[in-house]
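Remarks on the overall topology
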Amino acid sequence: LLSRNRRAAGIVHLILTAAAATALLLIGFNAVFQCGMSEAQNLVLGPLAIPLLLDGLSGLFLIVISFMAVMSALYAVRYMDHYPAYGVGGFYAAFPLFVLGMAALVVVDDLSTGFTIAWQVMTVASFFLIRYEKRNAANVKAANKYLVLMEAAWLLVLAGGFAAGGGFGDSLHAIGLKAEGLSGGGGILVFALLLLGFGLKAGVFPLGQLWLPDAHSVAPSPVSALLSGVMLKTGIFGHFRVFFFLSPAVAGFDPRLWGAVLSTIGVLTLFIGTLQSVKQSDAKRLLAYSSIG
């Protein structure tokens, strides 16, 4: 509504983002240090029942998301003056939706309906932010590649949840109960799908190299900060959440095998991502590869 006045739009956006972030910070702080939920509770939205779990892990991620959202919104007030040929209306519409999607993603406790809504809000909003300089063909190409791969990641996680026996609206606890009858091969399939889906989001080697450097380097800097500082970590959050909930339930789950797999992926990602970062002359690409590490 205020996009004709770039500076006023940025200041109002900062104030509203800070107000929302303050509320999320208090909620997150309360969950970490006082009374986080011990089990999921349903949020009813018309015909949909979405399980939510706000525990200490979710609260910690809400705190990080909130802090980074305010810092990025503050930086954007003057930074968006770098784009006199582009309006800021779309940017300031998509930015809070991006933050909302990330906050929702760490609170929903399913791998179907709620997860899909949160993932799509986060992904579509960030897609429009990445392609902000849409008159540049390279930027549009990078954004399109990002969108396709993030939708592929969503499908992999969705498939993992259904392969574990989950249905629409099932909480992770309910999925874990249904996964008790999985054989060794079925369990490997479930964890492989989830590992690939969340790993693609987290930017692990070699999946991160497919999209992360291009997307981060073409996005406006406040968006790059959120991509590196927060969004990648939602993939790590997904790994924490599904492995802790599902691994005790799956018969034949081998913690030594999966520990070795995750450690190997981690070492390769750290080493190769960091090695690639020191070869960069463009600051944003350097930070992108550093984020992979």
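Residues numbered from 1 in each chain as written. Predicted model: local features only at pLDDT ≥ 70, side-chain atom pairs only at ≥ 80, totals over all residues. Heavy atoms only, no water.

On to the pattern of salt bridges, then. Tallied over the full model, the rule gives five salt bridges. The salt bridge involving Asp-55 is made with Arg-241; its shortest N-O contact spans 2.8 Å. Note that Asp-55 is positioned in the loop between strand E2 (48–52) and helix H2 (56–79) and Arg-241 in helix H9 (residues 221–246), a separation of 186 residues in sequence. Accessibility assignment for this pair places Asp-55 and Arg-241 in one class, buried. (Salt bridge = Lys/Arg side-chain N within 4 Å of Asp/Glu carboxyl O. Helix = DSSP H or I, 4+ residues; strand = E, 2+ residues; numbered from the N terminus. Buried < 20%, exposed > 50% of the residue type's maximum accessible area, 1.4 Å probe, protein only.)

This paragraph deals with the pairing of strand E1 (residues 41–45). As paired strands, E1 and E2 are joined by five bridges and run antiparallel to one another. Following the sheet pairing, Val-44 is matched in E2 by Ala-49. Here E1 folds back onto E2 in antiparallel fashion, the turn holding two residues, of which Gly-46 has a positive phi close to 60 degrees. (Pairing = 2+ DSSP bridges.)

What follows deals with unusual backbone geometry. Negative phi values dominate among residues other than glycine, just as trans dominates among peptide bonds. The omega torsion of the bond from Phe-205 to Pro-206 falls at 0 degrees, within 30 degrees of zero and hence cis. Structurally, Pro-206 is set in the loop between helix H7 (184–202) and helix H8 (212–218).

The subject of this paragraph is the nonpolar core. Ranked by internal contacts, the top residues of the largest apolar core, which has 81 residues, are Met-80, Phe-91, Phe-98, Trp-119 and Trp-211. The element best represented in this core is H9, accounting for 10 residues. (Core = buried A, V, L, I, M, F, W, Y, C linked by side-chain atoms within 4.5 Å.)

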